[in-house]
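Structure at a glance
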Amino acid sequence: MSKVRLRDLKAANVLEVMMGKSVNKLHILVDARMADWSGVGRYSVGLIRALCKRDDLKVTALVSQGAREALEAKGSLRNIDYVEMREHPFIPAGTREISAAYKESDADLLHCLQYCTPAQALANRPIVVTLHDLIPIVVTSTMPNPLKRQIYTAKNRRALHVASQVIAPSQATATDIGKYFPRSDAPVSVIPEAADDFGTHPLAVPNSNSPYLLSMGNTRPHKNLEVLLEMMEKVQVDYPELQLLLVGKRDDRWLHRQQEKYSKAMKCVHFTGFLSDEELRGYYAHSQAFLCSSYYEGFGLPPLEAAAFGVPVVIARAASLPEVMEDASLTVDPHDSDAWFSAVKCILDDKKYAQTLAEKARVQSLKFSWSQVADSTVDLYRKMLQS
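Here the structure is a predicted model, which is why all the values come from computation and not from measurement.

**Thoughts on helix H13 (residues 337-349)**
Compared with the 18 Å implied by 1.5 Å per residue over 13 residues, the 18 Å span of H13 between its first and last C-alpha is a close match. Restricting attention to buried positions, one finds in H13 the residues Ser 337, Trp 340, Phe 341, Ala 343, Val 344, Ile 347 and Leu 348. For H13, the angular spread of the buried residues around the axis is 160°, confining them to a single face. The elements touched by buried residues of H13 are strand E8 (212-216), helix H8 (226-238), strand E11 (289-292), strand E12 (313-316), strand E13 (330-332) and helix H14 (351-365).

**Points about the pairing of strand E9 (residues 243-247)**
Of all 5 residues that make up E9, 5 are buried, and the element is covered over most of its length. Side chains of E9 alternate between two faces, with Gln 243, Leu 245 and Val 247 and Leu 244 and Leu 246 buried alike. The pairing of E8 with E9 spans 5 bridges and is classified as parallel. Note on E9: the bridge partner recorded for Met 216 is Val 247. Of the crossover connections in this fold, the one passing from E8 over H8 to the parallel E9 is right-handed. As judged from the 3 bridges shared by E9 and strand E10 (residues 269-271), these two strands associate in the parallel manner. Paired with Leu 245 across the bridge in E10 is His 270. Following the backbone out of E9, through helix H9 (residues 252-259) and into the adjacent parallel E10, one traces a crossover that is right-handed.

**Some details on the packing of helix H11 (residues 301-308) against H14**
One can describe the packing of H11 onto H14 by two numbers: an axis separation of 7 Å at closest approach and a directional angle of 115°. With respect to each other, H11 and H14 are oriented roughly perpendicular. H14 is crossed by H11, and the crossing has left-handed handedness. Contacts between H11 and H14 pair Leu 304, Ala 307 and Ala 308 from the former with Ala 361, Arg 362 and Ser 365 from the latter. Looking at side-chain class alone, the contact of H11 with H14 contains 4 nonpolar, 1 polar and 1 charged residues.

**A few points about the packing of aromatic side chains**
Inspection of the entire model under this criterion finds 9 aromatic pairs. Here Phe 299 and Phe 368 contribute two aromatic rings whose centre-to-centre distance is 6.1 Å and whose plane-to-plane angle is 75°, an arrangement assigned as edge-to-face. Taken together, the residues span a long stretch of sequence, with Phe 299 in the loop between E11 and H11 and Phe 368 in the loop between H14 and helix H15 (370-386) at a distance of 69 residues. By relative accessible area, which is 17% here, Phe 368 ends up buried. Among the aromatic residues, ring-to-ring pairing joins Trp 37, Phe 90, Tyr 115 and Tyr 152 into one connected group. In this structure, Arg 125 is placed above the aromatic ring of Tyr 102, and the distance from its NZ or CZ to the ring centre is 4.1 Å.

**Observations regarding helix H7 (residues 171-180)**
Taken as a whole, H7 has its buried residues at Ala 172, Thr 173, Ala 174, Asp 176 and Ile 177. Of the surrounding elements, those touching the buried residues of H7 are helix H5 (135-138), helix H6 (146-162), strand E6 (165-168), strand E7 (188-190) and helix H12 (321-325).

**Digging into the pattern of salt bridges**
This model, assessed by the stated rule, comprises 17 salt bridges. Between Lys 234 and Asp 338 there is a salt bridge, with the nearest N and O atoms lying 3.6 Å from each other. Of this pair, Lys 234 sits in helix H8 while Asp 338 sits in helix H13, placing them 104 residues apart in sequence. You can call Lys 234 partly exposed: its relative accessible area is 24%. Shared partners join several salt bridges into a network, and the residues in it are Arg 54, Asp 56, Asp 375 and Arg 382.

**Some thoughts on the state of the cysteines**
One pass over the full model with this rule turns up 0 disulfides. Of the cysteine sulfurs around Cys 112, a residue in no disulfide, the closest is that of Cys 116, at 8.2 Å. Residue class for Cys 112 comes out buried when judged on its relative accessible area of 0%.

**Here we look at the side chain of Ser 337**
Mapped onto the secondary structure, Ser 337 falls in helix H13. At 3.0 Å, the side chain of Ser 337 and the side chain of Glu 230 are in polar contact. Setting aside its immediate chain neighbours within four residues, Ser 337 contacts Val 227, Glu 230, Met 231 and Lys 234.

**Examining unusual backbone geometry**
Its identity is not glycine, yet Ala 319 carries a phi of approximately 50°, on the positive side. Among the structural elements, Ala 319 can be located in the loop between E12 and H12. Phi is positive for Glu 326, close to 50°, though the residue is something other than glycine. Summarising the element assignment, Glu 326 is placed in the loop between H12 and E13.

Definitions and limits used
Residues numbered from 1 in each chain as written. Predicted model: local features only at pLDDT ≥ 70, side-chain atom pairs only at ≥ 80, totals over all residues. Heavy atoms only, no water. Helix = DSSP H or I, 4+ residues; strand = E, 2+ residues; numbered from the N terminus. Expected span 1.5 Å × (residues − 1). Buried < 20%, exposed > 50% of the residue type's maximum accessible area, 1.4 Å probe, protein only. Arc of directions from axis to C-beta. Contact = heavy atoms within 4.5 Å. Pairing = 2+ DSSP bridges. Right-handed = clockwise from strand over helix to strand, strands pointing away. Axes fitted to C-alpha atoms, helices over the stretch in contact; angles between N-to-C directions. Parallel < 35°, antiparallel > 145°, perpendicular 65-115°, else oblique. Left-handed = near helix turned anticlockwise from the far one by under 90°. Nonpolar A, V, L, I, M, F, W, Y, C, P; charged D, E, K, R; others polar. Phe/Tyr/Trp six-rings, centres within 6.5 Å; stacked < 30°, edge-to-face > 60°. Lys NZ or Arg CZ within 6 Å of the ring centre and 35° of its normal. Salt bridge = Lys/Arg side-chain N within 4 Å of Asp/Glu carboxyl O. Disulfide = S-S within 2.5 Å. Polar contact = N/O pair within 3.5 Å; in protein donor to acceptor, adjacent residues only side chain to side chain.

See below:
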(Lines give C-alpha, C1' and ligand atoms only; values in the text may rest on other atoms or scores of the structure.)
Protein backbone atom coordinates (compact mmCIF):
# COMPACT_ATOMS: atom_id res chain seq x y z
CA MET A 1 0.00 0.00 0.00
CA SER A 2 2.72 2.47 0.94
CA LYS A 3 4.60 1.82 -2.32
CA VAL A 4 1.57 2.74 -4.43
CA ARG A 5 0.97 5.93 -2.46
CA LEU A 6 4.61 7.00 -2.70
CA ARG A 7 4.55 6.57 -6.47
CA ASP A 8 1.33 8.58 -6.62
CA LEU A 9 3.03 11.34 -4.64
CA LYS A 10 5.99 11.41 -7.03
CA ALA A 11 3.63 11.76 -9.96
CA ALA A 12 1.75 14.53 -8.20
CA ASN A 13 5.02 16.37 -7.54
CA VAL A 14 5.95 16.24 -11.24
CA LEU A 15 2.51 17.58 -12.17
CA GLU A 16 2.85 20.46 -9.70
CA VAL A 17 6.20 21.45 -11.20
CA MET A 18 4.76 21.31 -14.73
CA MET A 19 1.96 23.62 -13.57
CA GLY A 20 4.45 26.05 -12.08
CA LYS A 21 3.72 25.15 -8.47
CA SER A 22 5.94 24.05 -5.59
CA VAL A 23 9.16 24.69 -7.51
CA ASN A 24 10.74 26.38 -4.49
CA LYS A 25 9.08 24.21 -1.88
CA LEU A 26 11.28 22.04 0.28
CA HIS A 27 9.90 18.51 0.43
CA ILE A 28 10.33 16.88 3.85
CA LEU A 29 9.77 13.20 4.54
CA VAL A 30 9.18 12.95 8.30
CA ASP A 31 8.90 9.83 10.43
CA ALA A 32 5.71 10.45 12.42
CA ARG A 33 5.04 6.81 13.33
CA MET A 34 5.24 7.64 17.05
CA ALA A 35 2.97 10.71 17.03
CA ASP A 36 0.44 8.97 19.27
CA TRP A 37 3.04 7.99 21.89
CA SER A 38 3.81 9.95 25.04
CA GLY A 39 6.99 12.02 25.07
CA VAL A 40 8.14 11.82 21.44
CA GLY A 41 4.49 12.12 20.43
CA ARG A 42 4.23 15.63 21.90
CA TYR A 43 7.28 16.66 19.89
CA SER A 44 6.02 14.98 16.72
CA VAL A 45 2.60 16.63 16.84
CA GLY A 46 3.92 20.06 17.81
CA LEU A 47 6.64 20.18 15.17
CA ILE A 48 4.68 18.67 12.29
CA ARG A 49 1.63 20.86 12.83
CA ALA A 50 3.90 23.92 12.85
CA LEU A 51 5.75 22.77 9.71
CA CYS A 52 2.46 22.28 7.87
CA LYS A 53 1.47 25.91 8.44
CA ARG A 54 4.38 27.04 6.25
CA ASP A 55 3.86 27.62 2.53
CA ASP A 56 7.52 26.99 1.66
CA LEU A 57 7.32 23.32 2.64
CA LYS A 58 5.64 20.16 1.54
CA VAL A 59 5.50 17.50 4.23
CA THR A 60 5.06 13.78 3.68
CA ALA A 61 4.46 12.01 6.98
CA LEU A 62 5.10 8.31 7.54
CA VAL A 63 2.31 7.29 9.91
CA SER A 64 0.45 4.50 11.60
CA GLN A 65 -3.31 4.88 11.89
CA GLY A 66 -3.06 6.09 15.48
CA ALA A 67 -0.30 8.55 14.58
CA ARG A 68 -2.38 10.19 11.86
CA GLU A 69 -5.29 10.55 14.27
CA ALA A 70 -2.98 12.22 16.80
CA LEU A 71 -1.67 14.67 14.19
CA GLU A 72 -5.19 15.65 13.16
CA ALA A 73 -6.78 15.62 16.62
CA LYS A 74 -6.76 19.42 16.71
CA GLY A 75 -7.91 19.87 13.13
CA SER A 76 -6.88 18.78 9.65
CA LEU A 77 -3.53 19.89 8.25
CA ARG A 78 -2.53 21.45 4.94
CA ASN A 79 0.66 21.00 2.91
CA ILE A 80 0.87 17.37 4.01
CA ASP A 81 0.52 13.90 2.51
CA TYR A 82 0.41 10.66 4.47
CA VAL A 83 2.06 7.34 3.79
CA GLU A 84 0.80 4.47 5.89
CA MET A 85 3.39 2.31 7.62
CA ARG A 86 2.62 -1.16 8.90
CA GLU A 87 5.57 -2.20 11.06
CA HIS A 88 6.60 -1.20 14.57
CA PRO A 89 9.44 1.39 14.47
CA PHE A 90 11.66 -0.57 16.87
CA ILE A 91 11.83 -3.89 15.01
CA PRO A 92 13.99 -4.77 11.98
CA ALA A 93 10.93 -4.78 9.71
CA GLY A 94 10.25 -1.19 10.75
CA THR A 95 13.83 -0.26 9.87
CA ARG A 96 13.49 -1.84 6.43
CA GLU A 97 10.16 -0.10 5.91
CA ILE A 98 11.46 3.41 6.60
CA SER A 99 14.51 2.71 4.42
CA ALA A 100 12.27 1.64 1.54
CA ALA A 101 10.00 4.65 2.00
CA TYR A 102 12.92 7.06 1.72
CA LYS A 103 14.39 5.26 -1.30
CA GLU A 104 11.07 5.52 -3.15
CA SER A 105 10.39 9.13 -2.17
CA ASP A 106 11.65 12.19 -4.02
CA ALA A 107 11.84 14.14 -0.74
CA ASP A 108 14.79 16.50 -0.25
CA LEU A 109 15.52 14.98 3.15
CA LEU A 110 14.26 12.56 5.78
CA HIS A 111 13.71 13.78 9.35
CA CYS A 112 13.64 10.99 11.94
CA LEU A 113 11.97 12.29 15.09
CA GLN A 114 13.52 9.60 17.26
CA TYR A 115 16.58 7.34 17.04
CA CYS A 116 14.73 4.92 14.74
CA THR A 117 16.50 5.44 11.42
CA PRO A 118 17.31 3.62 8.17
CA ALA A 119 19.89 0.89 8.65
CA GLN A 120 22.49 2.79 6.63
CA ALA A 121 23.09 6.00 4.77
CA LEU A 122 21.17 5.95 1.49
CA ALA A 123 23.32 7.09 -1.44
CA ASN A 124 24.36 10.18 0.54
CA ARG A 125 20.76 11.39 0.80
CA PRO A 126 20.34 13.76 3.79
CA ILE A 127 18.98 12.43 7.07
CA VAL A 128 18.17 14.63 10.06
CA VAL A 129 17.76 12.87 13.42
CA THR A 130 16.34 14.30 16.64
CA LEU A 131 17.80 12.67 19.75
CA HIS A 132 15.75 13.75 22.75
CA ASP A 133 17.85 12.22 25.51
CA LEU A 134 20.09 9.30 26.42
CA ILE A 135 18.27 8.29 29.61
CA PRO A 136 18.97 4.50 29.57
CA ILE A 137 22.67 5.17 28.96
CA VAL A 138 23.07 7.94 31.54
CA VAL A 139 20.77 6.38 34.18
CA THR A 140 21.23 2.66 33.65
CA SER A 141 18.64 1.74 36.31
CA THR A 142 15.93 2.91 33.92
CA MET A 143 16.86 0.00 31.63
CA PRO A 144 18.46 -2.60 33.92
CA ASN A 145 18.48 -5.36 31.29
CA PRO A 146 22.02 -5.22 29.80
CA LEU A 147 20.93 -6.70 26.46
CA LYS A 148 18.13 -4.14 25.98
CA ARG A 149 20.53 -1.36 26.94
CA GLN A 150 23.08 -2.66 24.45
CA ILE A 151 20.43 -2.65 21.69
CA TYR A 152 19.33 0.86 22.66
CA THR A 153 22.94 2.08 22.55
CA ALA A 154 23.48 0.44 19.16
CA LYS A 155 20.37 2.12 17.74
CA ASN A 156 21.59 5.53 18.90
CA ARG A 157 25.07 4.85 17.53
CA ARG A 158 23.56 3.88 14.15
CA ALA A 159 21.41 7.03 14.17
CA LEU A 160 24.50 9.17 14.71
CA HIS A 161 26.31 7.26 11.97
CA VAL A 162 23.66 7.77 9.28
CA ALA A 163 22.68 11.31 10.32
CA SER A 164 23.74 14.26 8.22
CA GLN A 165 22.58 16.49 11.08
CA VAL A 166 21.46 15.83 14.66
CA ILE A 167 19.01 17.96 16.63
CA ALA A 168 19.11 17.97 20.44
CA PRO A 169 16.42 19.77 22.47
CA SER A 170 18.90 21.15 25.01
CA GLN A 171 22.58 21.83 25.47
CA ALA A 172 22.54 19.24 28.25
CA THR A 173 21.50 16.54 25.77
CA ALA A 174 24.00 17.78 23.17
CA THR A 175 26.75 17.50 25.79
CA ASP A 176 25.68 13.95 26.64
CA ILE A 177 25.78 12.95 22.97
CA GLY A 178 29.37 14.18 22.75
CA LYS A 179 30.29 12.45 26.01
CA TYR A 180 28.81 9.02 25.31
CA PHE A 181 29.45 8.94 21.54
CA PRO A 182 32.75 10.78 21.16
CA ARG A 183 33.55 9.16 17.81
CA SER A 184 30.44 10.51 16.13
CA ASP A 185 31.11 13.05 13.38
CA ALA A 186 27.48 14.13 12.99
CA PRO A 187 27.07 17.85 13.77
CA VAL A 188 24.68 18.51 16.67
CA SER A 189 22.46 21.61 16.80
CA VAL A 190 20.34 22.61 19.80
CA ILE A 191 16.73 23.48 19.01
CA PRO A 192 14.57 23.72 22.16
CA GLU A 193 11.06 22.30 22.19
CA ALA A 194 7.90 24.15 23.25
CA ALA A 195 4.93 23.87 25.57
CA ASP A 196 2.12 21.94 23.97
CA ASP A 197 -0.67 23.83 22.24
CA PHE A 198 -3.68 22.74 24.28
CA GLY A 199 -6.13 24.77 22.24
CA THR A 200 -8.79 27.09 23.62
CA HIS A 201 -11.25 24.72 25.28
CA PRO A 202 -12.49 25.78 28.75
CA LEU A 203 -10.44 24.52 31.66
CA ALA A 204 -11.76 21.25 33.05
CA VAL A 205 -12.38 21.20 36.80
CA PRO A 206 -10.04 18.70 38.51
CA ASN A 207 -11.56 15.79 40.39
CA SER A 208 -10.16 16.98 43.71
CA ASN A 209 -11.84 18.82 46.58
CA SER A 210 -8.55 19.57 48.35
CA PRO A 211 -5.63 21.85 47.48
CA TYR A 212 -2.91 19.94 45.70
CA LEU A 213 0.59 19.94 44.31
CA LEU A 214 1.00 18.40 40.88
CA SER A 215 3.70 16.24 39.34
CA MET A 216 3.97 13.67 36.57
CA GLY A 217 3.30 10.09 37.64
CA ASN A 218 6.03 8.28 35.70
CA THR A 219 7.67 6.04 38.31
CA ARG A 220 10.87 5.23 36.40
CA PRO A 221 13.96 5.70 38.60
CA HIS A 222 15.22 8.95 37.03
CA LYS A 223 11.90 10.67 37.80
CA ASN A 224 12.95 10.59 41.45
CA LEU A 225 9.42 10.64 42.87
CA GLU A 226 10.64 9.22 46.16
CA VAL A 227 12.03 12.62 47.20
CA LEU A 228 8.51 14.03 46.82
CA LEU A 229 7.11 11.27 49.04
CA GLU A 230 9.72 12.11 51.66
CA MET A 231 8.76 15.76 51.33
CA MET A 232 5.06 14.93 51.78
CA GLU A 233 5.89 13.19 55.06
CA LYS A 234 6.94 16.65 56.32
CA VAL A 235 4.16 18.53 54.52
CA GLN A 236 1.47 16.54 56.30
CA VAL A 237 2.45 18.07 59.65
CA ASP A 238 1.83 21.69 58.60
CA TYR A 239 -0.64 21.22 55.73
CA PRO A 240 -2.78 18.14 56.48
CA GLU A 241 -5.28 18.90 53.69
CA LEU A 242 -2.66 19.24 50.95
CA GLN A 243 -2.42 16.44 48.41
CA LEU A 244 0.18 15.41 45.85
CA LEU A 245 -1.44 14.37 42.59
CA LEU A 246 0.60 12.33 40.12
CA VAL A 247 -0.58 12.54 36.52
CA GLY A 248 -0.97 9.13 34.96
CA LYS A 249 -2.02 5.56 35.53
CA ARG A 250 -1.87 4.25 39.11
CA ASP A 251 1.24 2.14 39.68
CA ASP A 252 0.25 -0.32 42.42
CA ARG A 253 3.61 -2.12 42.49
CA TRP A 254 5.46 1.14 43.03
CA LEU A 255 2.96 2.26 45.69
CA HIS A 256 3.34 -1.04 47.53
CA ARG A 257 7.13 -0.65 47.62
CA GLN A 258 6.80 2.83 49.11
CA GLN A 259 4.04 2.06 51.62
CA GLU A 260 6.19 1.01 54.57
CA LYS A 261 8.74 3.81 54.26
CA TYR A 262 6.32 6.64 53.50
CA SER A 263 3.13 5.60 55.29
CA LYS A 264 2.03 9.18 56.09
CA ALA A 265 2.62 10.39 52.56
CA MET A 266 0.64 7.48 51.09
CA LYS A 267 -2.53 8.94 52.61
CA CYS A 268 -2.27 12.11 50.53
CA VAL A 269 -0.56 10.91 47.33
CA HIS A 270 -2.86 9.90 44.48
CA PHE A 271 -2.57 9.06 40.79
CA THR A 272 -5.02 10.90 38.54
CA GLY A 273 -5.42 8.14 35.98
CA PHE A 274 -5.36 8.98 32.27
CA LEU A 275 -6.14 12.63 31.55
CA SER A 276 -7.27 14.12 28.26
CA ASP A 277 -5.54 17.32 27.18
CA GLU A 278 -8.52 19.33 28.42
CA GLU A 279 -8.39 17.62 31.82
CA LEU A 280 -4.63 18.10 32.05
CA ARG A 281 -5.06 21.83 31.39
CA GLY A 282 -7.40 22.01 34.36
CA TYR A 283 -5.08 20.09 36.65
CA TYR A 284 -2.18 22.35 35.73
CA ALA A 285 -4.13 25.56 36.17
CA HIS A 286 -5.70 24.73 39.56
CA SER A 287 -2.56 23.35 41.23
CA GLN A 288 -0.77 25.18 44.03
CA ALA A 289 2.54 24.40 42.33
CA PHE A 290 4.03 22.04 39.78
CA LEU A 291 6.97 19.91 40.92
CA CYS A 292 9.54 18.24 38.66
CA SER A 293 11.98 16.20 40.73
CA SER A 294 13.71 14.36 37.85
CA TYR A 295 17.47 14.18 37.97
CA TYR A 296 17.62 13.58 34.22
CA GLU A 297 15.48 15.10 31.46
CA GLY A 298 16.45 15.73 27.85
CA PHE A 299 14.25 18.81 27.87
CA GLY A 300 11.39 18.47 30.31
CA LEU A 301 8.15 19.69 28.73
CA PRO A 302 5.79 19.40 31.75
CA PRO A 303 7.37 22.27 33.77
CA LEU A 304 7.07 24.50 30.72
CA GLU A 305 3.48 23.39 30.14
CA ALA A 306 2.61 24.19 33.76
CA ALA A 307 4.39 27.52 33.47
CA ALA A 308 2.17 28.43 30.50
CA PHE A 309 -0.81 28.36 32.87
CA GLY A 310 0.83 30.74 35.32
CA VAL A 311 1.60 28.11 37.95
CA PRO A 312 4.58 28.33 40.34
CA VAL A 313 7.16 25.73 39.30
CA VAL A 314 9.78 23.91 41.41
CA ILE A 315 12.43 21.91 39.56
CA ALA A 316 15.44 19.79 40.35
CA ARG A 317 18.85 21.32 39.77
CA ALA A 318 19.73 18.66 37.21
CA ALA A 319 20.38 18.11 33.50
CA SER A 320 18.34 20.36 31.19
CA LEU A 321 15.73 21.63 33.67
CA PRO A 322 17.54 24.81 34.82
CA GLU A 323 18.46 25.48 31.19
CA VAL A 324 14.78 25.49 30.22
CA MET A 325 13.32 27.36 33.19
CA GLU A 326 16.26 29.73 33.86
CA ASP A 327 15.34 31.93 36.85
CA ALA A 328 11.58 31.48 36.44
CA SER A 329 11.28 28.63 38.95
CA LEU A 330 12.55 27.56 42.32
CA THR A 331 15.50 25.23 41.73
CA VAL A 332 16.54 22.76 44.43
CA ASP A 333 18.80 19.79 45.02
CA PRO A 334 17.02 16.76 43.54
CA HIS A 335 17.85 14.59 46.56
CA ASP A 336 17.19 17.06 49.42
CA SER A 337 13.62 16.59 50.68
CA ASP A 338 14.10 19.44 53.17
CA ALA A 339 14.86 21.78 50.26
CA TRP A 340 11.72 20.62 48.45
CA PHE A 341 9.66 21.19 51.59
CA SER A 342 11.11 24.68 52.05
CA ALA A 343 10.35 25.58 48.44
CA VAL A 344 6.76 24.39 48.72
CA LYS A 345 6.36 26.16 52.06
CA CYS A 346 7.51 29.46 50.51
CA ILE A 347 4.84 29.14 47.83
CA LEU A 348 2.05 28.14 50.20
CA ASP A 349 2.80 30.72 52.94
CA ASP A 350 3.53 33.77 50.80
CA LYS A 351 0.77 34.31 48.23
CA LYS A 352 2.41 37.45 46.83
CA TYR A 353 5.67 35.58 46.27
CA ALA A 354 3.75 32.68 44.70
CA GLN A 355 2.02 35.08 42.28
CA THR A 356 5.35 36.68 41.35
CA LEU A 357 6.91 33.27 40.71
CA ALA A 358 3.87 32.16 38.69
CA GLU A 359 4.06 35.25 36.49
CA LYS A 360 7.77 34.73 35.89
CA ALA A 361 7.00 31.16 34.86
CA ARG A 362 4.29 32.28 32.46
CA VAL A 363 6.61 34.84 30.84
CA GLN A 364 9.33 32.20 30.52
CA SER A 365 6.95 29.86 28.70
CA LEU A 366 6.35 32.54 26.07
CA LYS A 367 9.97 32.23 24.96
CA PHE A 368 9.14 28.84 23.45
CA SER A 369 6.68 28.14 20.65
CA TRP A 370 6.26 25.43 18.04
CA SER A 371 6.38 28.04 15.28
CA GLN A 372 9.85 29.03 16.52
CA VAL A 373 10.84 25.35 16.66
CA ALA A 374 9.67 24.97 13.05
CA ASP A 375 11.51 28.13 11.93
CA SER A 376 14.78 26.95 13.47
CA THR A 377 14.34 23.44 12.10
CA VAL A 378 13.67 24.65 8.54
CA ASP A 379 16.66 27.02 8.74
CA LEU A 380 18.74 23.99 9.68
CA TYR A 381 17.30 21.96 6.78
CA ARG A 382 18.24 24.65 4.27
CA LYS A 383 21.73 25.28 5.63
CA MET A 384 22.42 21.53 5.60
CA LEU A 385 21.23 21.14 2.01
CA GLN A 386 23.31 24.12 0.86
CA SER A 387 26.52 22.92 2.47
